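Next come the chains, spelled out residue by residue.
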Amino acid sequence: MNRFLHLTCAGAALLTTGMLLTASAAALADTTTLLCRMDTNPREAEVEPTTIELNEAQTSVVVNFAGTYSKIPGMTGGFQGRGGSDAFSIGPLQATFSTDKITFSWPAGSYTIGGVINRLTGAFSTNQGRSWSCQVGKKQF
């Protein structure tokens, strides 16, 4: 009887461990990465796409802004001394996921920057007048 009880407890422990691993994998699987290209900007260009990591299960967003360089001749500083800005990330940020949009914000000195992602078109914009066109990123290999 003790041997049966021992095996039953061991089996329950394995089952519980398996369920936890499955739940953890499901939480990781909920992350979607968007690749976003800055819309036409007469002053700056991005070095690479901005990426956004969405986790609806955790209602969070991480934005990885690409480095930018100035299109204006003679500008200095920023990326490789060509003006603009270096790459930076913000988040995870608390986000609201509705059927048609995802909204989030972050502090920037004395004001707050608000971000909105349109779930139908993939457009990402801020209340600072910047915009990007996004698509779901897919592993290439």
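Quick caveat: nothing in here was measured; it's all calculated off a predicted structure. What you see as residue numbers is a count from 1 along each chain, following the sequence as written. The predicted origin of the model limits local features to residues at a pLDDT of at least 70 and limits the giving and counting of side-chain atom pairs to 80 or more, whereas totals for whole chains, interfaces and linings rest on all residues. Hydrogens are left out, water is left out, and the side-chain values use all remaining heavy atoms of the structure.

**With respect to the packing of aromatic side chains**
The description of an aromatic ring pair rests on the distance of the ring centres and on the angle between the ring planes.
Argument step 1. Planes of paired rings set the category: under 30 degrees apart is stacked, over 60 is edge-to-face and the rest tilted, where pairs are Phe, Tyr or Trp rings (Trp by its six-membered ring) whose centres lie within 6.5 Å. The full count for this structure, using the stated rule, is 6 aromatic pairs.
Argument step 2. Here the aromatic rings of Phe104 and Phe124 are separated by 6.0 Å at their centres, their planes lie at 25°, and the arrangement is stacked. Placement of the pair is Phe104 in strand S7 (residues 101–108) and Phe124 in strand S9 (residues 123–126), with a sequence separation of 20 residues.
Argument step 3. Its relative accessible area of 0% is what places Phe124 among the buried residues.
Argument step 4. Judged by centre distance (4.8 Å) and plane angle (25°), the rings of Phe124 and Trp132 are stacked. Each of the two residues, Phe124 as well as Trp132, counts as buried.
Argument step 5. Taken together, the ring pairs in this structure connect Phe65, Phe88, Phe104, Trp106, Phe124 and Trp132 into an aromatic cluster. The way it works is that DSSP assigns letters per residue, a run of H or I at least four long becomes a helix, a run of E at least two long becomes a strand, and they are numbered from the N terminus. Think of it in three bands: residues with accessible area under 20% of the maximum for their type are buried, residues over 50% are exposed, and the middle band is partly exposed, with areas taken using a 1.4 Å probe on protein chains only.

**With respect to the sheet that holds strand S1 (residues 31–38)**
Hydrogen bonding along the main chain pairs the strands of a sheet, whether they run parallel or antiparallel.
Argument step 1. In short, DSSP must find at least two bridges between two strands for them to pair. Taken in spatial order, the 8 strands close into a barrel running S1-S3-S4-S6-S7-S8-S9-S10, and their pairing is antiparallel. This sheet shows a mean twist of 30° between the axes of neighbouring strands, independent of strand direction. Each axis is a line fitted through C-alpha atoms, and for a helix only the stretch in contact is used; angles between axes span 0 to 180 degrees, taken between their N-to-C directions.

**Re the state of the cysteines**
Argument step 1. Whenever a pair of cysteine sulfur atoms sits within 2.5 Å, that pair is classed as a disulfide. By the definition in use, this model includes 1 disulfide.
Argument step 2. Each sulfur of the disulfide joining Cys36 and Cys134 lies 2.1 Å from the other. Judged by the torsion about the S-S bond (110°), the Cys36/Cys134 disulfide is right-handed. Remark: Cys134 occurs in strand S10 (residues 131–136) and Cys36 occurs in strand S1; sequence separation between them is 98 residues.
Argument step 3. Taking relative accessible area as the criterion, Cys36 reaches 0% and is therefore assigned buried.
Argument step 4. Residue Cys134 is classed as buried on the basis of its relative accessible area, which comes to 12%.

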